[in-house]
Amino acid sequence: MYFDTHAHYCDKRFDEDRDELLYSMLDAGVSLILNAGSSLWSSKQSLELADKYSFIYASVGVHPHDAKSMTDETVVELETLMQHSKAVAVGEIGLDYHYDFSPRDVQKKRFREQLELARHLEKPVIIHERESLNDMLNLVREYSDLIGVFHCFAGSWETAKIVLNLGWYLSFTGVITYKNARRSLEVIEKMPLDRILLETDCPYLAPDPKRGRRNSSLYLPYIAEKVAQVRGMDVHEVAELTLENGKRFFGI
């Protein structure tokens, strides 16, 4: 059974068949899904999905793209949402200097506020990092008492060692099935197996041979097969291992 530790089923690309698709998950071997919030709206929607489906849990947070829309009241609202019994993490939060949709100083301010919230609530964090590595690592080191995961990790082994030495986790998407995924495969080959998570980040980043299509948790086996290939394991071992890792990380 698989655990998709990062999905976005609130996305409009699922509007036409969301329920049909989600009802198919258990029969397809997907036993748990973490639906990640990226704004106040999607955080609320994630909790609604968690209420509707026994196998869905939610995270609550504001993505760096939307940091500019946050106010001091936003953090109060996030804390209220985190009181839900199936809100198991703060995220996805972080820094994104590729698009700079929010000013960098604003991103850092709102990221720090959400890290403080996670510390206060004693919840794990889901990290989004893009072209902001130095600032990200400096902030993460300040909050080394937290437990976190770098979602959609595509960094070097040198970066992975820093994150892993903090006791944090790394999560991998269908990107590891692409031809240019050499760095990620090196990390998977070397990292401790008790710190690896699988995710789809759907509807984005469908793995080969589904690349270019709308992604979903049904494609998790393609990611697990690549991990199994790299580590010389059976795909069912990878599924079980990453399921248990995800349950431990999120406290499920």
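Check the entry above for the structure.
Computed from a predicted model, the values in this text were never measured in an experiment. (Residues numbered from 1 in each chain as written. Predicted model: local features only at pLDDT ≥ 70, side-chain atom pairs only at ≥ 80, totals over all residues. Heavy atoms only, no water.)

What follows is about the packing of helix α7 (residues 182–190) against helix α8 (residues 220–231). One can describe the packing of α7 onto α8 by two numbers: an axis separation of 9 Å at closest approach and a directional angle of 60°. The two elements α7 and α8 cross, and the hand of that crossing is right-handed. Note on element contacts: α8 touches α7 through Lys226, Val227, Val230 and Arg231, opposite Leu185, Ile188, Glu189 and Lys190. (Axes fitted to C-alpha atoms, helices over the stretch in contact; angles between N-to-C directions. Helix = DSSP H or I, 4+ residues; strand = E, 2+ residues; numbered from the N terminus. Left-handed = near helix turned anticlockwise from the far one by under 90°. Contact = heavy atoms within 4.5 Å.)

Let us look at helix α9 (residues 235–250). Taking 1.5 Å as the rise per residue, α9 with 16 residues should run 22 Å; its terminal C-alpha atoms sit 22 Å apart, in good agreement. Turning to α9, its buried residues number three or more, namely Val235, Val238, Ala239, Thr242, Leu243, Asn245, Gly246, Phe249 and Phe250. Taken around the axis of α9, the buried residues stretch over an arc of 165°, which confines them to a single face. The N-capping residue of α9, defined by a side-chain oxygen 2.8 Å from the backbone nitrogen of His236, is Asp234. At the exit of α9 stands Gly251, carrying a positive phi of roughly 70°. (Expected span 1.5 Å × (residues − 1). Buried < 20%, exposed > 50% of the residue type's maximum accessible area, 1.4 Å probe, protein only. Arc of directions from axis to C-beta. Polar contact = N/O pair within 3.5 Å; in protein donor to acceptor, adjacent residues only side chain to side chain.)

Inspection of every chain in the model, using the stated rule, returns 10 aromatic pairs. When the centroid spacing of 5.0 Å and the interplanar angle of 25° are considered together, the rings of Tyr99 and Phe101 count as stacked. Taking the relative accessible area as the measure of exposure, Phe101 reaches 45% and is therefore partly exposed. Taken together, the ring pairs in this structure connect Phe3, Tyr169, Phe249 and Phe250 into an aromatic cluster. Sitting above the plane of the Tyr57 ring, Lys86 keeps its charged end 4.8 Å from the centroid. One Lys or Arg, Arg211, reaches over the ring of Tyr178 and ends 3.6 Å from the middle of that ring. (Phe/Tyr/Trp six-rings, centres within 6.5 Å; stacked < 30°, edge-to-face > 60°. Lys NZ or Arg CZ within 6 Å of the ring centre and 35° of its normal.)

Here we come to the pattern of salt bridges. Using the criterion set out here, one finds 14 salt bridges in the structure. Two residues, Asp15 and Arg18, come together in a salt bridge whose shortest N-O distance is 2.6 Å. Taking the relative accessible area as the measure of exposure, Arg18 reaches 18% and is therefore buried. Several salt bridges share partner residues, and in doing so they unite Asp72, Lys109, Arg110 and Glu113 into one network. (Salt bridge = Lys/Arg side-chain N within 4 Å of Asp/Glu carboxyl O.)

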